[in-house]
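What follows is the residue order along each chain.
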Amino acid sequence: MNSTKRSSLVLSPTWRETLYQAERPARYVGGERNAYRKEEAGLLRVALAYPDLYEIGMSNLGLSILYHIINAEPDLSCERVYAPAPDLEALLRRNGGSLCTLESGRPLGELDILGFSLQYEMTYPQVLNMLDLGGIPLRTTQRGPTDPVVIAGGPCAANPEPMAHFFDAILVGDGEEALLEICRLVQSWKREEGRTRDELLLALSRIPGLYVPSLYCFHFSPDGTIEAIEPHPHAPTGVVSRRVRDLETSFFPTRPIVPTLETVHDRAQVELFRGCLRGCRFCQAGFIYRPRRMRSAGLLKRQAEEIIATTGWEELGLVSLSSCDYPHLEELLQSLGPLRAEQRVNISLPSLRADSFSVEVARLAQGHQITLTFAPEAGSDRLRQAIGKQLLEEEILTAAEQAARCRFPRIKLYFMIGLPTEREEDMDGILALVEKLRRRAKSAGGGVKFSAAVSAFVPKPQTPFQWEPMERLEGIRAKRSFLRDRFRRMGVEAGGQQEELSILEGVLARGDRRVGEAVFFAWQEGARLDGWSDHFSFARWQSALARSGLEPSFYLHRTRPQEEILPWSLVRFAAGPAYLWRERERAYSDPLPSNPCPQTSILNGSEGKE
Amino acid sequence: MTRWRLLYRVGWELAFASHLDRWRAISRSARRAALPLAYSQGFHQRPRLAMGPPLPVGACGEEELADLFLEEGTVRDLCGALNASACPGLEVRQVWPIPQEERSLTACTYRAGWRMDGWWEVVPSSQVAQALLAAPSLPLHRVTPKGEKDLDLKPYLLALQTEMESIEVELLVTPSGGVRWEEICRIFQERGYRFHLWGLCRTSLRHA
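Since the model is a prediction, treat every value here as computed from it, not as a measurement.

K.L.:
Hey, could you run me through the overall build of chain A in this one?
P.N.:
Helix and strand counts for chain A come out as 22 helices and 19 strands. Over its C-alpha trace chain A gives a radius of gyration of 24 Å, about what one expects of a compact globule, namely 25 Å for 610 residues. Across the 610 residues of chain A, 62% fall into the buried class. Long-range contacts, defined here as pairs at least 24 residues apart, represent 78% of the contacts in chain A between residues at least 6 apart. Total accessible area on chain A stands at roughly 22,700 Å², and carbon and sulfur atoms take up 50% of it. Charge-centre separation for chain A: the mean point of 75 positive side chains lies 3 Å from the mean point of 79 negative side chains.

K.L.:
Whenever I open this one, the confidence of the model for chain B confuses me. Can you help?
P.N.:
The predicted coordinates of low-pLDDT regions are not to be read in fine detail. Per-residue confidence for chain B gives a mean pLDDT of 93, with 100% of residues at or over 70. As a predicted assembly, this complex carries a pTM of 0.93 together with an ipTM value of 0.92.

K.L.:
Quick question: what am I supposed to make of unusual backbone geometry here?
P.N.:
The phi angle of most residues is negative, glycine excepted, and most peptide bonds adopt the trans form. All names here are of chain A. At the junction of R290 and P291, the peptide bond is cis and its omega measures out at -10 degrees in the coordinates. Structurally, the position occupied by P291 is in the loop between α8 (284-288) and β12 (293-294). Positive phi values are uncommon outside glycine, yet T421 reaches one of about 70 degrees. Secondary-structure assignment places T421 in the loop between β16 (410-417) and α15 (424-443). Its identity as a non-glycine residue notwithstanding, Q462 has a phi of 70 degrees, on the positive side. In this structure Q462 comes out as buried when scored by relative accessible area, which is 5%.

K.L.:
Please clarify how the pairing of strand β1 (residues 44-50) of chain A should be interpreted in this entry.
P.N.:
Regular strands have side chains that alternate between both faces of the sheet. Residues and elements named next belong to chain A. Judged by how many residues are buried, β1 sits mostly within the fold: seven of seven residues are covered. Burial along β1 is two-sided: L44, V46, L48 and Y50 and R45, A47 and A49, pointing in opposite directions, are all buried. Inspection of the sheet shows β1 paired to strand β3 (residues 113-117) by four bridges, in the parallel sense. What sits directly across from L48, in β3, is G115.

K.L.:
Help me understand the packing of helix α16 (residues 473-490) of chain A against helix α17 (residues 499-509) of chain A in this model?
P.N.:
Two numbers describe a pair of packed helices, the interaxial angle and the distance between the axes. Residues and elements named next belong to chain A. Packing of α16 against α17 leaves a shortest axis separation of 10 Å and a crossing angle of 145 degrees. Where α16 crosses over α17, the handedness of that crossing is right-handed. Side by side, α16 and α17 meet where L473, I476, R477, R480 and R484 of the first sit next to E499, E500 and I503 of the second. Looking at side-chain class alone, the contact of α16 with α17 contains three nonpolar, no polar and five charged residues.

K.L.:
Sorry if this is basic, but what is going on with the interface of chain A and chain B here?
P.N.:
You'll often see interface size given as the accessible area lost when the parts meet. Counting residues at the interface gives 38 residues for chain A, matched by 34 residues for chain B. Contact between chain A and chain B buries roughly 3,000 Å² in total, counting both sides, with carbon and sulfur atoms accounting for 51%. Viewed at the interface, chain B and chain A are joined by three salt bridges. In this structure, A:E314 and B:R28 form a salt bridge, with 2.9 Å as the shortest nitrogen-oxygen distance. Our count for the contact surface shared by chain A and chain B stands at 15 residue pairs in polar contact (both at pLDDT 80 or more). Secondary structure elements with two or more residues in the side of chain A that touches chain B: α1 (13-19) and α9 (297-311) of chain A. A per-class count over the side of chain A that touches chain B returns 16 nonpolar, 13 polar and nine charged.

K.L.:
Can you help me understand the pattern of salt bridges in this one?
P.N.:
Think of it this way: side chains of opposite charge can pair up when their charged atoms draw near. All names here are of chain A. On inspection of all chains with the given rule, the structure shows 72 salt bridges over all chains. Note that K479 is salt-bridged to E471, the shortest N-O span being 2.5 Å. One salt-bridge network, held together by shared partners, links D174, E176, E271, R274, R293 and R295.

K.L.:
Help me out: how do you make sense of the side chain of A:R45 in this one?
P.N.:
Residues and elements named next belong to chain A. Here R45 is to be found in strand β1. Within the local environment of R45, its side chain forms a polar contact with the backbone oxygen of K38, the two atoms lying 3.0 Å apart. Here S77 takes part through its side chain, which lies 3.3 Å from a polar atom of the side chain of R45. Not counting chain neighbours up to four residues away, the residues in contact with R45 comprise K38, E39, E40, S77, E79, R106, L111, D112 and I113.

K.L.:
Help me understand the sheet that holds strand β10 (residues 268-271) of chain A in this model?
P.N.:
Remark on secondary structure: sheet strands pair via backbone hydrogen bonds, oriented parallel or antiparallel. Residue and element names in this part refer to chain A. Strand order in the open sheet made by the three strands is β10-β13-β14, with parallel pairing throughout. Either end of the sheet is taken by a strand with one partner, and the two such strands are β10 and β14 (346-348). The average angle at which neighbouring strand axes cross in this sheet is 25 degrees, direction not considered. Relative to strand β13 (residues 315-319), β10 runs parallel, the two being bridged by four bridges. Pairing of V270 across the sheet is with L318, part of β13. Against the sheet, α9 engages β10 and β13, with an angle of about 160 degrees to β10.

K.L.:
Is there a simple way to explain the sheet that holds strand β5 (residues 169-171) of chain A in this structure?
P.N.:
Residues and elements named next belong to chain A. What the six strands build is an open sheet, ordered β2-β1-β3-β4-β5-β6; its pairing is mixed. Each having just a single partner strand, β2 (76-82) and β6 (210-211) make up the two edges of the open sheet. Across the sheet, helix α5 (residues 124-133) touches β1, β2, β3 and β4 (149-153), and the angle it forms with β3 is around 155 degrees.

K.L.:
What exactly am I supposed to notice about the packing of aromatic side chains here?
P.N.:
Any two aromatic rings considered together are summarised by their centre-to-centre distance and by the angle between their planes. Counting across every chain of the model gives 17 aromatic pairs over all chains. Ring centres of A:F536 and A:F538 lie 6.4 Å apart, and the angle between their planes is 35 degrees; this geometry places the pair in the tilted category. Pair check on accessibility: A:F536 and A:F538 agree, each one buried. Among the aromatic residues, ring-to-ring pairing joins A:Y20, B:W12, B:F16 and B:W181 into one connected group. Across from the ring centre of A:F220, 3.8 Å away, lies the NZ or CZ of A:R514, which sits over that ring.

K.L.:
Just checking my understanding: could you explain the environment of B:S29 for this structure?
P.N.:
All names here are of chain B. Summarising the element assignment, S29 is placed in helix α2 (residues 19-32). Each C-alpha atom, one on S29 and one on A81, is 9.4 Å from the other, the two residues being 52 residues apart in sequence. Contact partners of S29, with chain neighbours within four places excluded, come to S85, A86, C87 and L90. A distance of 3.2 Å separates the side chain of S29 from the backbone nitrogen of C87, its partner in a polar contact.

K.L.:
Would you take a moment to explain the nonpolar core for this structure?
P.N.:
Soluble globular proteins tend to pack their nonpolar side chains together in the buried interior. With 247 residues, the main nonpolar core has A:L114, A:F116, A:L316, A:L318, A:F487 and B:F188 as its most contacted residues. Residue contacts for A:F116: discarding those within four places in its chain leaves A:A49, A:P51, A:V127, A:M130, A:L131, A:V150, A:I151, A:A152, A:G153 and A:F167. Among the nonpolar cores identified, the runner-up in size contains 11 residues, and A:F282, A:A386, A:L419 and A:F465 belong to it.

K.L.:
Sorry if this is basic, but what is going on with helix α3 (residues 61-71) of chain A here?
P.N.:
Because an α-helix packs 3.6 residues into every turn, residues spaced three or four apart end up facing the same way. All names here are of chain A. A large share of α3 lies buried, amounting to 10 of its 11 residues. Buried within α3 are the following residues: L61, L63, S64, I65, L66, Y67, H68, I69, I70 and N71. You can read the cap of α3 off the contacts: a side-chain oxygen lies 3.1 Å from the backbone nitrogen of G62, and it is on N60.

Thresholds applied
Residues numbered from 1 in each chain as written. Chains lettered and ligands numbered in written order. Predicted model: local features only at pLDDT ≥ 70, side-chain atom pairs only at ≥ 80, totals over all residues. Heavy atoms only, no water. Helix = DSSP H or I, 4+ residues; strand = E, 2+ residues; numbered from the N terminus. Rg over C-alpha atoms; globule rule 2.2 N^0.38 Å. Buried < 20%, exposed > 50% of the residue type's maximum accessible area, 1.4 Å probe, protein only. Contact = heavy atoms within 4.5 Å. Areas by Shrake-Rupley, 256 points an atom, 1.4 Å probe, with all protein chains shown as cover. Lys, Arg positive; Asp, Glu negative; His and termini not counted. Charge placed at Lys NZ, Arg CZ, Asp CG, Glu CD. pLDDT = per-residue confidence, 0-100. Pairing = 2+ DSSP bridges. Axes fitted to C-alpha atoms, helices over the stretch in contact; angles between N-to-C directions. Left-handed = near helix turned anticlockwise from the far one by under 90°. Nonpolar A, V, L, I, M, F, W, Y, C, P; charged D, E, K, R; others polar. Buried area = accessible area lost by both parts, 1.4 Å probe. Salt bridge = Lys/Arg side-chain N within 4 Å of Asp/Glu carboxyl O. Polar contact = N/O pair within 3.5 Å; in protein donor to acceptor, adjacent residues only side chain to side chain. Phe/Tyr/Trp six-rings, centres within 6.5 Å; stacked < 30°, edge-to-face > 60°. Lys NZ or Arg CZ within 6 Å of the ring centre and 35° of its normal. Core = buried A, V, L, I, M, F, W, Y, C linked by side-chain atoms within 4.5 Å.

The following block contains the structure:
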């Protein structure tokens, strides 16, 4: 542990008795290598919360960065808390126990700041569940001076409104610098007696990138759209996302926590770059993390060596939104040679393009025993061009051919249905593409097995498709069923996200603050780990939406006019609404690309700032 | 290649991990210590580390055993090197070289001592434990995800003692397994003495 004492974990008999009845109790124990444990009095107590299980949350790089940034400050303490599995929740509720942090076993209600990472809309009910189990009033209006300040951040901050009633503040953009500013502000507020929570919220709203929802009053028209947004007289009129300007000099943890139990990404990670060169119009991450900011190969090598030395991990992930777009990738892989040879560290490249360069890189980095994952997204060059996916069919076919030659055993393909401008023939296009891929792979002599994941396109805020309607449930079902059936006949394993889950994701992604009531009712009716298909109940959400008087199709199936005030209008990223609208227009008008991989200023985000 | 036997202690930090997770934790500790580890062959090469009889989830261990294989002959203060890089909950108490051809730990371990801490709904007298030890058989129906079977606990039960807040038991260990702590609790519960566990520790492990 990062404290002076080793093996100082104290688990009370009562808590241990609970653990003996829980499934996978190691999730709730803490005390891992490189975890902090600060016991001094007078520290500002912060906890980072992840509204999903330990195995998922511990793989999140963003939380790891923030955890170590806060703990590097001597007068701040940062702890962690993850969602309890249903069995532990039942035990806690039965025994009257509280959800506590891993580091000190402190109930969440005794913290000064509780910060949630919102990676996925379907985790919203779990946020409420964790607040409730931690003894914190759910709504910001119900919290008093002794309650923690409840904040959030992550990609879902692109539309903070569905959770507006539950968070005191929501951080938009990169958290590295802003989180310390928040801590310092709360620290000084706590030292000054007599200051109210309202004063704190107003002060928080002055931190750049921090959105305080309770300071904005939304007025709705009879047709359900937003008529006007009225800010508090002293609140800013909008929030511009925070951005780390220089990744080379920004903090990166080289002593990350090594989890005790296996997590989904149980490996060391270095971040090659933030942002993306591509301009995929459906991809929220591609727009909200602009511009692309890189680390040098030399720095990454040093970080990788230090992380492996301090953790003992056997695998190193070179992470980014599109790792093969890192311009110094070959140099970096070469410099990591000794780490691979002497310390048997496997290199993984999680986000690969579907082209022959990526296949070659994967072969060099990881060998040929892995499953290659390609995302053609659509079945035709026309539709790929419309959605901004700069990838031609011939490139995908060449990649499959090379994968077969390199004897990769499996290729997993990702497709979306219900994309803007999609036509009926695009369904046949998906089938035709998969068939061509199989033939090309076979002719190259490899026994590659293909699988295909087909999911519905969910329009996301802060993207050029934020105004687009989402495909109706019946349409998604029919298309997925058609494709699944054909895939089965072709001997291709078919998967993808459940239709109803996509529909709910669609409602939550572009919802306004009224949707928060549906989240509340869904939680009341038992929604917990709803991102997991085995825990998800569509009926429960239908009932919750009905109880809150909301019509899902209002959020899902309307084409929003350009002038409509969107729920996330107050939040601005590098790519502003005028730029996004122009990009949307281009989706309907672009000819086929002449250069499938342009490296223009638009893609690196220098255009699009307004 | 050399083979080293590790005698180590498992604390609460690792007590609730699975056997595989503990293997991973020890192997990563050894990797951090930058030892000349011997690796398995194949695509995913792993340090050659052979664990003793699996410690159940929730159990601490006082005298746990594992065999670690190194490429080179001698490492100065192997025990110190391992402890310097050990994860919380792992304390290497002793390390000594053993012949390569030595039998595996699971094959030569024959007896384990356990201490179970908790509270009784009704505290049994010492005669209850004596009666259990004297019983000709202790039939038990075991249900696992793999299936069900009837077994007799008696041959496994070598010593048994109860206190106000604990059970101490010596159990026979065989290469195919042994008795589980839940089953010890069950034989008491079936006789009207319900025990609520809050601590479990394998206090000793004897091998031939």
